[in-house]
Amino acid sequence: QAGARVTPEAPHLYVVDEDTATERTMADETAERIVLGMAMSSARAVEDASDILGGRDFYQSKHAVIWGAIIALWANNEPTSPTAVGRALEEAGDLARAGGAPYLFGCVELVPTAAGTAGYYARIVRDWAKRRAVAESGMRILQQAKNLTIPVDQVVDGAQREIHQATVGMEQASVSSVGDLIDGELDHLQALAAGEVPRGLSTGIGILDDLIGGWQPGQLVIPAGRPGMGKSVAGIGFARAAARRGV
């Protein structure tokens, strides 16, 4: 049998084998170091790994610090070599927290000769991060379930939120350029003007329907404006118009 517990020394969980009383961290620290080493060897590796990983996915806090420095350099089109990363960390006062310059070069030296892609090792790190999140959520759910001062409906709602955050809430968002988004929206508006897009659910405001074609399936529409400009009133109007059409 196996269980899990949090130690005072680390905020993350350990897998505990109850038969042998041995502990194994819920992480692959070698994979974490290889990801960092590859990222400090190739800008392409940073791009591949950044599509999968975030700083919070690293088990070791110093790895998260190193990753943050790498991403900052890469985003500014600057080198991500161990020397450059070490300098950035030193300027931020974080070099000691990150294990020092020898640790950075050690990560690069740890990269296997037949390393494969950074994405492969990044997925290993990401997998363990998800497992930790689920295990930690399970422990919080268990604690709430045993607390009779919490109404059972709140326990159920809390459990659903915990699992959602541990799974869907951890998914990495994809990145799109503003130019791509604008081009797509302009194409959509031109198709609306030409009558090539079927009308969606009416907003209740004819002029607005002419501009946006009504509400389309799958859309997320966020009214924007300063306080007191009527966003809430408009939202109620949209809901009333939808209700009149049986939605």
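Residues numbered from 1 in each chain as written. Predicted model: local features only at pLDDT ≥ 70, side-chain atom pairs only at ≥ 80, totals over all residues. Heavy atoms only, no water.

### Structural notes on the pattern of salt bridges
Then, in step 1: For the coordinates displayed, the defined rule picks out 7 salt bridges.
Then, in step 2: The salt bridge partner of Arg126 is Asp57, with a shortest N-O separation of 2.8 Å. With Arg126 in helix α6 (residues 118–146) and Asp57 in the loop between α2 (43–50) and α3 (61–75), this pair connects stretches of sequence that are 69 residues apart.
Then, in step 3: One salt bridge connects Arg140 with Glu162, and the closest N-O pair in it is separated by 3.1 Å. With Arg140 in helix α6 and Glu162 in helix α7 (residues 152–166), this residue pair connects regions lying 22 residues apart in the sequence. (Salt bridge = Lys/Arg side-chain N within 4 Å of Asp/Glu carboxyl O. Helix = DSSP H or I, 4+ residues; strand = E, 2+ residues; numbered from the N terminus.)

### Structural notes on the packing of α6 against α7
Then, in step 1: Contact geometry for α6 and α7: axes closest at 9 Å, N-to-C directions at 175°. Comparing the axis directions of α6 and α7 gives the class roughly antiparallel. Contacts from Ala133, Val134, Ser137, Arg140, Ile141, Gln144 and Ala145 in α6 reach Val155, Gly158, Ala159, Glu162, Ile163 and Ala166 in α7.
Then, in step 2: Of the residues in the contact of α6 with α7, the class split is 8 nonpolar, 3 polar and 2 charged. (Axes fitted to C-alpha atoms, helices over the stretch in contact; angles between N-to-C directions. Parallel < 35°, antiparallel > 145°, perpendicular 65-115°, else oblique. Contact = heavy atoms within 4.5 Å. Nonpolar A, V, L, I, M, F, W, Y, C, P; charged D, E, K, R; others polar.)

### With respect to the environment of Tyr120
Then, in step 1: As for its position among the elements, Tyr120 is in helix α6.
Then, in step 2: By relative accessible area, Tyr120 is classed as partly exposed at 48%.
Then, in step 3: As for Tyr120 and Ala49, which are separated by 71 residues in sequence, their C-alpha atoms are 8.5 Å apart. (Buried < 20%, exposed > 50% of the residue type's maximum accessible area, 1.4 Å probe, protein only.)

### Notes on helix α4 (residues 82–91)
Given 3.6 residues per turn, any residue in an α-helix points the same way as the ones three and four places further on.
Then, in step 1: Residues of α4 that are buried include every one of Pro82, Ala84, Val85, Gly86 and Leu89, and no others.
Then, in step 2: On the buried face of α4, the contacting elements are α3 and α5 (101–109).
Then, in step 3: After α4 finishes, the residue Gly93 shows a positive phi value of roughly 75°.

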